[in-house]
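# Examining the three-dimensional arrangement
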Amino acid sequence: GGSTFSDNVTDAEFTHGGKGMFVGSSIRSQVNFADVTSFPARWKTVYTSAGSGCYGLGHDKARGRLYTLTDAGNGQRDLVALDVQDPNSPNFGKVLGNSVKFAGGAYVERWALSPSGNLAAVLSGVLGPTNVILVDTDPTSKTYLSVVQTLSVPLGAGLALCNRIRFTADESQILVLIQIA
C-alpha cells in the first residue's frame, strides 16, 4: 500500500539537502512534505487548496518559497507562493501570496519556475492557440506575482498539444514541447 500523501502526484521537489521532498497532488488538492531521513518517510500536509488540484511545483530554494498552480477557491488557476524555509517553523506552508487568475480554468496546468526563481512561465492551455504567460516571482519586485508579459506560442498547422514548458539554464529561452497530430 502506498500513501494517501502521494495520490496522483503532479510534481515532486527534493529539498533541505535531500532530506525532504515536496509532492503536489491534483486529486487531493494538496502540497505534502515528506521527511525522507527515515523509512518509511514521515509525511505532513503543507498546503491544501480551497479549490481543485495542485499542478506542478517550483522551489525557489534561495528564498525558501515553493510555488504551485492551483484553484485557490476562485474558479480559476492561481500561482500560489508558500513559505517553506524551515519545516519546523509554525509558518511552514503559510501562503505568502498568489497571482492573478489565469483565464482557461481547468486547462491551465503546465508551468515552470526559472532557475533563478525570478520568473514563472505558465501555459494558458494545452490545446492551441496557446500563450506563455510570464509571472514575476521575485518577492523584492514591485510587480511580484503579476503578469509581466504574454507571448504567443507558434504552433503551425494541425492539432497541437503543448505538453511541457521549461526555461533554459541561462534563462535566455523558454522551451515548449509541442505534439502535433
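We now turn to the structure provided with this report. (Residues numbered from 1 in each chain as written. Predicted model: local features only at pLDDT ≥ 70, side-chain atom pairs only at ≥ 80, totals over all residues. Heavy atoms only, no water.)

## A closer look at the sheet that holds strand S5 (residues 54-60)
Taken in spatial order, the four strands of this open sheet run S5-S6-S7-S8, and their pairing is antiparallel. Among the strands making up the open sheet, the edge pair consists of S5 and strand S8 (95-98). Averaged over all pairs of adjacent strands, the angle between their axes in this sheet comes to 25°, without regard to strand direction. When strand S6 (residues 65-71) meets strand S7 (residues 77-83), the two strands line up antiparallel, connected through seven bridges. Paired with Thr70 across the two strands is Asp78, which belongs to S7. (Pairing = 2+ DSSP bridges. Helix = DSSP H or I, 4+ residues; strand = E, 2+ residues; numbered from the N terminus. Axes fitted to C-alpha atoms, helices over the stretch in contact; angles between N-to-C directions.)

## Considerations on the pairing of strand S13 (residues 160-167)
Pairing of S13 with strand S14 (residues 174-180) involves seven bridges; the strand directions are antiparallel. Residue Arg164 lies in a different strand from S14, and its bridge partner there is Leu177. Here S13 folds back onto S14, and the loop between the two strands holds six residues, one of which, Glu171, carries a positive phi near 65°.

## Here we look at the pattern of salt bridges
Taken as a whole and assessed by the stated rule, the structure comprises three salt bridges. Among the ionic pairs, Asp35 bridges to Arg42, the shortest N-O distance being 2.5 Å. The salt bridge partner of Asp138 is Arg63, with a shortest N-O separation of 3.5 Å. Placement of Asp138 in the loop between strand S11 (131-136) and strand S12 (147-152) and of Arg63 in the loop between S5 and S6 is noted, with a sequence separation of 75 residues between them. With a relative accessible area of 17%, Asp138 lands in the buried category. A cluster of three or more residues bridged by salt bridges with shared partners is formed by Asp60, Arg63 and Asp138. (Salt bridge = Lys/Arg side-chain N within 4 Å of Asp/Glu carboxyl O. Buried < 20%, exposed > 50% of the residue type's maximum accessible area, 1.4 Å probe, protein only.)

## Digging into the pairing of strand S1 (residues 9-15)
Bridging between S1 and strand S2 (residues 20-25) involves six bridges; their strand directions are antiparallel. Pairing of Val9 across the sheet is with Ser25, part of S2.

## Remarks on the environment of Cys54
Its location among the elements puts Cys54 in strand S5. For Cys54, a relative accessible area of 0% gives the class buried. Considered as a pair, Cys54 and Ile27 are 27 residues apart in the sequence and their alpha carbons are 8.1 Å apart. Beyond its immediate sequence surroundings of up to four residues, Cys54 is in contact with Thr10, Gly24, Ser25, Ser26, Ser29, Gln30, Val31, Tyr47, Ser49, Thr68, Leu69 and Thr70. (Contact = heavy atoms within 4.5 Å.)

## Some details on the sheet that holds strand S4 (residues 42-48)
The strand order S1-S2-S3-S4 describes an open sheet built from four strands, whose pairing is antiparallel. Of all strands in the sheet, those with a lone pairing partner are S1 and S4, marking the two edges. Each strand of the sheet is rotated relative to its neighbour by a mean of 20°, with strand direction disregarded.

## Considering unusual backbone geometry
Most peptide bonds adopt trans geometry, and most residues besides glycine take a negative phi value. Looking along the chain, the bond that leaves Phe39 and enters Pro40 is cis, with omega of 0°. Structurally, the position occupied by Pro40 is in the loop between strand S3 (30-35) and S4. Positive phi is not limited to glycine here, since Leu145 has a value of about 60°. Tracing the chain through its elements places Leu145 in the loop between S11 and S12. For Leu145, a relative accessible area of 4% corresponds to the buried category. Phi angles above zero are rare outside glycine, and Glu171 is one such case at about 65°. Accessibility expressed as a relative area gives 28% for Glu171, which makes it partly exposed.

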